[in-house]
Amino acid sequence: MDMQEKIKFGDNESKSHEGDTGPNPGQECPFVGEESTRVRLMLPDADPSSRVTMYSPDGHGTIKIFDGSAQDQYDHLLENYTPSPFKLIYWDPPFFTGKQQEADFGSFSDNWPDLPTYLNWIRRHLVRWHPMLEDRGFLVVHCDWHAGHYIKTLGDQIFGYDNFRNEIIWHYTGRRQPARLRVNAKHDTLLVWAKSETATFNPIFEPWTRDEYVRMKKQEVHRDEEGREWIWGHQGKGQSHAYRIYLDEVVARGRAIDTVWNIPIINTSAKERVGYPTQKPHALLMRVIALCTEPGDWVWDPMMGSGTTLVAASQAGRNGFGGDWNPDAIRVVQARIDAAKAF
Ligand SMILES: C[S@@+](CC[C@H](N)C(=O)[O-])C[C@H]1O[C@@H](n2cnc3c(N)ncnc32)[C@H](O)[C@@H]1O
């Protein structure tokens, strides 16, 4: 704890933003609170002078790592990039857990004086993300029950209620305990807004079996002359028995995803674990990126933590820009990228 230094939030976070063209930049959050102080980890071997490090793994997308706060990234991007460069901003902020988040190779504070202070901070960032997105771009905010419902209302104020696309539930397994006060909480929430109505997802399919399909349809299965299995498809009301659905084709196509994503959490012995607190699974980010972007697009993760988004983006042929104000995160990401010559 002696290496920590208190910094005033306002120093980094509440500078005025020339060029901030969010739709409601002057509108105040209904939960406005006081500017807060917050603990920042200062580790001796961080290099404050080199702010952007670039990686170009062979055959994959470029990765740029920014050593600094989300506010500084925003300023840097406004100065150095074309307007609205990002197809996707994936934002995984501290969740308002009231804890110091700790793991083997890092630590960050998620302690706040109160909910209004936290929400005011969230709102200030949402206002910044909006102008940085392409017209066909998406914002994904990763949150949970601590503050997710309030974040939804803030995001709607800035992106527009009609541009809200989905509430995705990332459901994971883990130890469950019988409890009287609260049922085991085993999901996070991904709130997805589009910048405009022109933004479209890439359809994603997941594998399923013949038996799962048959169980869902609850229909008699027939066989044709060649032995292929099929069931009746219906073309709408009063149009029963209109056409045949072949089961092998259904299985080969897979099943379109819905809003509940079952993806295992990174457990203590998982190979992908890098030891940074709250690291998100690679498979989760691969899916978000596949859903919202095309090869060659730019993705921004302004609070990248262990850099899961950047690694996934690059592997998927997208370009990733990410940053964090925590030197632990910068170190972990650099080590992760060096080790991932397995790209
Ligand atoms: C929930 S973690 C992100 C985890 C990440 N998605 C992963 O897979 O490892 C949140 C991160 O936000 C960072 N952070 C908090 N406030 C920040 C700020 N104002 N600017 C930049 N980073 C910030 C923390 O240091 C922490 O690494």
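Everything that follows concerns the structure shown earlier in this document.
Fair warning: this is a prediction, and the values are worked out from it, not measured in the lab.

Scoring rules and cut-offs
Residues numbered from 1 in each chain as written. Predicted model: local features only at pLDDT ≥ 70, side-chain atom pairs only at ≥ 80, totals over all residues. Core = buried A, V, L, I, M, F, W, Y, C linked by C-beta atoms within 7 Å. Buried ≥ 20, exposed ≤ 12 C-beta atoms within 10 Å, placed from the backbone. Helix = DSSP H or I, 4+ residues; strand = E, 2+ residues; numbered from the N terminus. Contact = placed C-beta atoms within 7 Å. Pairing = 2+ DSSP bridges. Near = placed C-beta within 6 Å. Nonpolar A, V, L, I, M, F, W, Y, C, P; charged D, E, K, R; others polar. Right-handed = clockwise from strand over helix to strand, strands pointing away. Axes fitted to C-alpha atoms, helices over the stretch in contact; angles between N-to-C directions.

Colleague: What is the right way to look at the nonpolar core in this model?
Modeller: General note: in soluble globular proteins, nonpolar side chains tend to be found buried as a group. Leu88, Ile89, Leu139 and Val140 are the most contacted members of the largest nonpolar core, which has 63 residues in total. Broken down by element, the residue count for this core peaks at eight residues, all from helix α3 (residues 115-132). When near neighbours in sequence (up to four residues on either side) are disregarded, leucine 139 contacts Ile89, Trp91, Trp129, Leu133, Phe159 and Trp193.

Colleague: Teacher, can you tell me more about the pairing of strand β8 (residues 133-143) here?
Modeller: Where a strand is regular, its side chains alternate between the two sheet faces. Here β8 lies mainly inside the structure; eight of its 11 residues are buried. Summarising the sheet, strand β5 (residues 86-91) and β8 pair through five bridges and their orientation is parallel. Residue pairing for β8: tyrosine 90 is matched across the bridge by valine 140. Of the pairings in the sheet, the one linking β8 to strand β10 (residues 187-194) comprises six bridges and is antiparallel in character. Across the sheet, leucine 139 pairs through a bridge with tryptophan 193, a residue of β10.

Colleague: How should the site of the ligand be read in this particular structure?
Modeller: Residues in close proximity to the ligand total 19 residues, the closest being Met303, Gly305, Ser306, Thr308 and Asn326. Among the residues forming the shell around the ligand, the class breakdown is nine nonpolar, seven polar and three charged.

Colleague: Would you mind showing me how to read unusual backbone geometry here?
Modeller: What you tend to see is this: most non-glycine residues have negative phi, and most peptide bonds are trans. One non-glycine residue with positive phi stands out, namely serine 84, at about 50°. As for its placement among the helices and strands, serine 84 is situated in the loop between α2 (70-80) and β5. The backbone of phenylalanine 96 shows a phi angle near 70°, a positive value even though the residue is not glycine. Positionally, phenylalanine 96 belongs in the loop between β5 and β6 (99-103). You can call phenylalanine 96 buried: it has 24 C-beta atoms within 10 Å.

Colleague: How should I be thinking about the environment of aspartate 58 in this particular structure?
Modeller: If you trace the backbone, aspartate 58 turns up in the loop between β3 (52-55) and β4 (63-67). A residue is classified by how many C-beta atoms lie within 10 Å of it, and aspartate 58, with 6 of them, is exposed. As for aspartate 58 and serine 314, which are separated by 256 residues in sequence, their C-alpha atoms are 10.0 Å apart.

Colleague: Is there a simple way to think about the pairing of strand β18 (residues 319-324) in this case?
Modeller: Taking burial as the measure, the six residues of β18 include six buried ones, the bulk of the element. The alternating pattern of β18 places Asn319, Phe321 and Gly323 on one face and Gly320, Gly322 and Asp324 on the opposite face, and all of these are buried. Pairing geometry for β4 and β18, over five bridges, is parallel. Residue pairing for β18: isoleucine 65 is matched across the bridge by glycine 322. For strand β17 (residues 298-301) and β18, the ladder comprises four bridges, and the chain directions are parallel. Residue pairing for β18: tryptophan 298 is matched across the bridge by asparagine 319. Once you follow β17 into helix α8 (residues 308-315) and on to β18, the crossover reads as right-handed.

Colleague: I would appreciate a short explanation of the sheet that holds β17 in the present structure.
Modeller: Sheets are built from strands paired through backbone hydrogen bonds, the pairs being either parallel or antiparallel. Strand order in the open sheet formed by nine strands is β3-β4-β18-β17-β5-β8-β10-β9-β16, with mixed pairing between adjacent strands. Since the sheet does not close on itself, it has two edges, and those belong to β3 and β16 (260-262), each with one partner. Taken pair by pair, the neighbouring strands of this sheet meet at an average axis angle of 20°, ignoring direction.

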